[in-house]
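Analysis of the macromolecular model
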Amino acid sequence: MFVSGPRIKKFFSFYKPYRLLFIADITCAFIVMVISLFLPLFVRYITNSVISGSFSDVLGELILPAALIMLCLILIETAAALFYDYRGHQMGAMIERDMRDELFSHYQKLPFSFFDREKTGSLMSRLINDLLNLAELYHHGPEDLIIYGLRFMGALMVLTRINAGLTLAVLAFLPLMLGYSLLFQNKIRAAYKRYHEKIGDLGASLEDSLAGIRVVKSFAAEDMEEEKFRRVNEDFYRTRADIYRQEAYYFTGLEHFFGPLIMAAVVLCGGIWLSKSALDTGDFIAFLLYVNYLTAPIPQIARVIQQYQDGIAGFNRFMDILDHPPEPDRGLAALPEVKGRIEFADVSFRYNEGRDYVLEGISFSVNPGQTAALVGPSGIGKTTLCSLISRFYELSSGAIRLDGIDIRELPLKTLRRNIGVVQQDLYLFAGTVIDNIRYGRPGAAEADVIKAAKKANAHEFIMRLPGGYYSDLGPRGLSLSGGQRQRLGIARVFLKDPPVLIFDEATSALDQKSERLVHEALMELAKNRTTFIIAHRLSTVKNANRIFTLTERGLEEKDSFEGIS
Ligand SMILES: Nc1ncnc2c1ncn2[C@@H]1O[C@H](COP(=O)(O)OP(=O)(O)O)[C@@H](O)[C@H]1O
Ligand SMILES: [Mg+2]
């Protein structure tokens with residue numbers, strides 16, 4: 001796995017706000033490492049001193065002071081371990097929070113074309129799961145390196161000084177142990193991944209069968225469903241069994257094979273040297289206590305290697321999105337009062353280079369307050385044309401002007417604040433009715449919201465909801481009909497009060513009665529504003545002053561609706 005230069009810089013930049021905490025964290029990790037390395041040395045010292053008989057009052061002069069010092073060291077070690085375990089993890093979580101904020105705010109700045117390509121689920125997973133791995137890396141990466149790496153080096157040094165021969169005997173086993181750990185940790189990780197996939201499959205299969213139970217019964221297809229489910233369930237069982245198998249091999253291998261094997265090797269060599277008086281008893285005991293220090297970091301080092309791989313993969317995915325350029329927004333022109341004249345000058349547009357042009361050489365203008373109907377076959381580019389006014393996509397060539405100013409010279413926010421869009425599939429956010437209407441003008445007074453709702457023909461149905469304006473529309477909240485949603489959307493735009501409006505098939509999916517209510521509201525909204533109406537039904541566009549038809553040949557203006565179906 002590879003990270004490029006600027007990305008490495010970016011990676012470390014996330015530590016910046018927590019520099020002091022980071023230093024404290026690393027220092028504590030260091031203290032823990034050093035103390036834990038020192039403790040067995042006491043044992044060696046005490047044993048060797050007692051055996052050589054160099055103290056007259058062993059208890060008073062040796063054991064008690066040593067015990068006191070050990071107690072102090074243990075207390076310090078505990079405090080330091082507590083600090084890095086708690087504050088270190090906290091730092092990781094804070095960095096994760098910062099990265100998540102940065103990624104989310106970048107999502108907000110990315111253009112429509114980005115969201116056309118990417119799946120919502122994958123964008124969510126990047127923000128949630130990838131960053132979880134990263135927080136672990138940010139905290140554990142440097143710290144684990146210190147703790148396990150230095151502890152290993154320290155133990156190696158101490159052991160070599162105690163007895164180089166015994167150390168070599170142990171070292172011979174370590175590459176094997178590292179390879180074994182890496183192999184099985186990889187297998188376990190892969191097994192868990194399959195397991196999580198299978199949980200998803202199991203859930204999906206179950207949901208499908210249960211949701212379709214009426215169809216199942218009416219086709220007497222229970223046996224088939226059972227067979228289908230049995231297969232998914234069997235697959236699921238297998239992934240679990242695989243996890244147990246790999247974990248059993250891994251842990252048994254480490255604990256019951258490598259551990260005792262190394263111990264046996266040390267006892268064998270040590271025993272031989274002891275019997276030849278080539279080794280002190282204290283050294284031998286200290287060595288046995290220390291062997292652990294040399295072998296224990298091996299699986300941990302394997303884990304750190306994996307953590308780096310996961311974390312770096314996650315970081316690269318994170319940076320891939322951050323490197324994606326945001327919507328161009330360099331406009332500076334000020335527009336004190338927008339009148340609403342819209343002008344297209346030889347506009348051409350295609351969604352992607354290499355694809356066909358959706359619009360070519362479109363020129364027209366609409367004066368402030370006019371209502372322009374835009375008709376044409378489905379898929380010809382009506383929605384596309386209107387989305388260009390809000391600058392949701394960049395033109396391939398030509399220009400669009402608002403009150404004579406090229407919309408590229410306006411700040412995006414200024415431009416979009418002046419355009420209200422009502423679409424067929426209106427999106428409502430989780431929250432209350434009033435919050436959803438207020439989306440048009442955050443902070444609007446309740447009285448203004450109600451006024452807007454009244455104009456949008458929405459007040460009456462809102463008042464009939466169980467909680468009125470404060471009814472919850474969340475995922476588990478109440479659901480509204482298409483016409484009701486549409487009128488909430490219109491109320492939103494009333495509150496926003498923009499000089500330019502776009503109704504994109506706003507009434508297409510409605511039944512006649514709601515269509516009438518929505519239509520009335522739209523006509524009220526359109527008064528004194530420049531309005532574009534895209535609609536199938538002539539009834540919706542009959543009030544228009546201007547009629548444009550979009551065809552393969554381009555845009556044509558008509559004087560009447562004659563000949564338009
Ligand atoms: N986001 C998009 N990315 C790529 N192509 C698109 C996108 N939206 C629409 N198109 C294509 O552009 C053409 C015009 O679509 P659209 O403007 O939605 O037509 P209309 O609104 O007139 O039915 C269609 O061929 C459609 O497939
Ligand atoms: Mg459309």
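For the structure itself, look to the data block above.
First, a word on what this report is: a plain description of the structure on this page. Since the model is a prediction, treat every value here as computed from it, not as a measurement.

**Some words on the overall build of the protein chain**
Secondary structure summary: the protein chain contains 19 helices and 10 strands in total. For 565 residues, the compact-globule estimate of 2.2 N^0.38 gives 24 Å, and the C-alpha radius of gyration of the protein chain, at 36 Å, exceeds that figure by more than 25%. Considered along the principal axes of its C-alpha atoms, the protein chain spans approximately 115 × 65 × 50 Å. Considering the protein chain as a whole, with its 565 residues, one finds that 45% of them fall into the buried category. Restricting to contacts in the protein chain with at least 6 residues of sequence separation, those with at least 24 account for 78%. Surface accessibility of the protein chain: about 30,400 Å² in total, with carbon and sulfur atoms responsible for 59%. Positive and negative side-chain charges in the protein chain, numbering 63 and 64 respectively, have mean positions lying 3 Å apart.

**A short note on the site of ligand 1**
Taken together, 13 residues surround ligand 1, and among them D116, G379, K382, T383 and T384 come closest. At 3.2 Å from a nitrogen atom of ligand 1 is found a side-chain nitrogen or oxygen belonging to Y351. Notes on ligand 1: free accessible area 560 Å², of which the protein chains cover 66%. Ranked by residue count, the leading element in the shell around ligand 1 is helix α12 (residues 382-389), at three residues.

**Describing helix α9 (residues 222-275)**
Its 54 residues place the ends of α9 76 Å apart at the C-alpha level, agreeing with the 80 Å of an ideal helix rising 1.5 Å per residue. Backbone geometry just after α9 places S277 at a positive phi near 60°.

**Notes on the pairing of strand β10 (residues 554-558)**
Alignment of strand β9 (residues 546-551) against β10, held across five bridges, turns out to be antiparallel. When the sheet's bridge partners are listed, T549 is paired in β10 with E556. Hairpin connection, β9 to β10: the antiparallel pair is bridged by two residues.

**Section: helix α2 (residues 19-52)**
With 34 residues, α2 should cover 50 Å at 1.5 Å per step; its first-to-last C-alpha distance of 50 Å lies within 8% of that length. Immediately beyond the C-terminal end of α2, within one or two residues, lies G53, with a positive phi of roughly 65°.

**With respect to the side chain of S471**
With respect to the helices and strands, S471 occurs in the loop between α16 (459-464) and α17 (482-496). Residue classification places S471 among the buried residues on the basis of a relative accessible area of 3%. At 2.7 Å, the side chain of S471 and the backbone oxygen of G468 are in polar contact.

**Focus on the sheet that holds β10**
Read across the sheet, six strands follow the order β6-β7-β8-β3-β9-β10 without closing on themselves; strand pairing throughout is mixed. Either end of the sheet is taken by a strand with one partner, and the two such strands are β6 (419-423) and β10. With strand direction ignored, the average angle separating the axes of adjacent strands in the sheet is 20°. Seen against the sheet, α17 touches β6 and β7 (500-504) and runs at an angle of roughly 175° to β6. Packed onto the sheet, helix α18 (residues 512-526) meets β7 and β8 (530-534) and runs at close to 160° relative to β7.

**Brief notes about a nonpolar patch on the surface**
Taken together, the side chains of F30, L150 and M153 make up a nonpolar region of the molecular surface, amounting to roughly 260 Å² of accessible area. Turning to its location among the elements, M153 is positioned in helix α5 (residues 120-162). Taking relative accessible area as the criterion, M153 reaches 47% and is therefore assigned partly exposed.

**Here we look at the environment of G88**
Within the fold, G88 resides in helix α3 (residues 58-109). As for G88 and C28, which are separated by 60 residues in sequence, their C-alpha atoms are 9.7 Å apart. Look past the residues within four positions of G88 in its chain and what remains in contact with it is D25, F83 and H139.

**A word on unusual backbone geometry**
With a phi close to 60°, R391 is a non-glycine residue in the positive phi region. Inspection of the secondary structure puts R391 in the loop between α12 and β4 (397-402). A positive phi angle, near 60°, is found at N528, a position not held by glycine.

**Let's talk about the sheet that holds strand β5 (residues 405-406)**
In space, the four strands of this open sheet follow the order β2-β1-β4-β5, with antiparallel pairing throughout. Bordering the open sheet on either side are β2 (359-366) and β5, each of which pairs with just one other strand. Pairing geometry for strand β1 (residues 342-349) and β4, over five bridges, is antiparallel. Across the sheet, the residue bridging to E343 is R401, located in β4. Along the sheet face, α12 touches β1, β2 and β4 and points at about 120° away from the line of β1.

Thresholds, definitions, all that
Residues numbered from 1 in each chain as written. Chains lettered and ligands numbered in written order. Predicted model: local features only at pLDDT ≥ 70, side-chain atom pairs only at ≥ 80, totals over all residues. Heavy atoms only, no water. Helix = DSSP H or I, 4+ residues; strand = E, 2+ residues; numbered from the N terminus. Rg over C-alpha atoms; globule rule 2.2 N^0.38 Å. Buried < 20%, exposed > 50% of the residue type's maximum accessible area, 1.4 Å probe, protein only. Contact = heavy atoms within 4.5 Å. Areas by Shrake-Rupley, 256 points an atom, 1.4 Å probe, with all protein chains shown as cover. Lys, Arg positive; Asp, Glu negative; His and termini not counted. Charge placed at Lys NZ, Arg CZ, Asp CG, Glu CD. Near = heavy atom within 4 Å. Polar contact = N/O pair within 3.5 Å; in protein donor to acceptor, adjacent residues only side chain to side chain. Expected span 1.5 Å × (residues − 1). Pairing = 2+ DSSP bridges. Axes fitted to C-alpha atoms, helices over the stretch in contact; angles between N-to-C directions. Patch = residues over 30% accessible without salt bridge, like charges linked within 9 Å, V, L, I, M, F, W, Y side chains within 5 Å. Salt bridge = Lys/Arg side-chain N within 4 Å of Asp/Glu carboxyl O.

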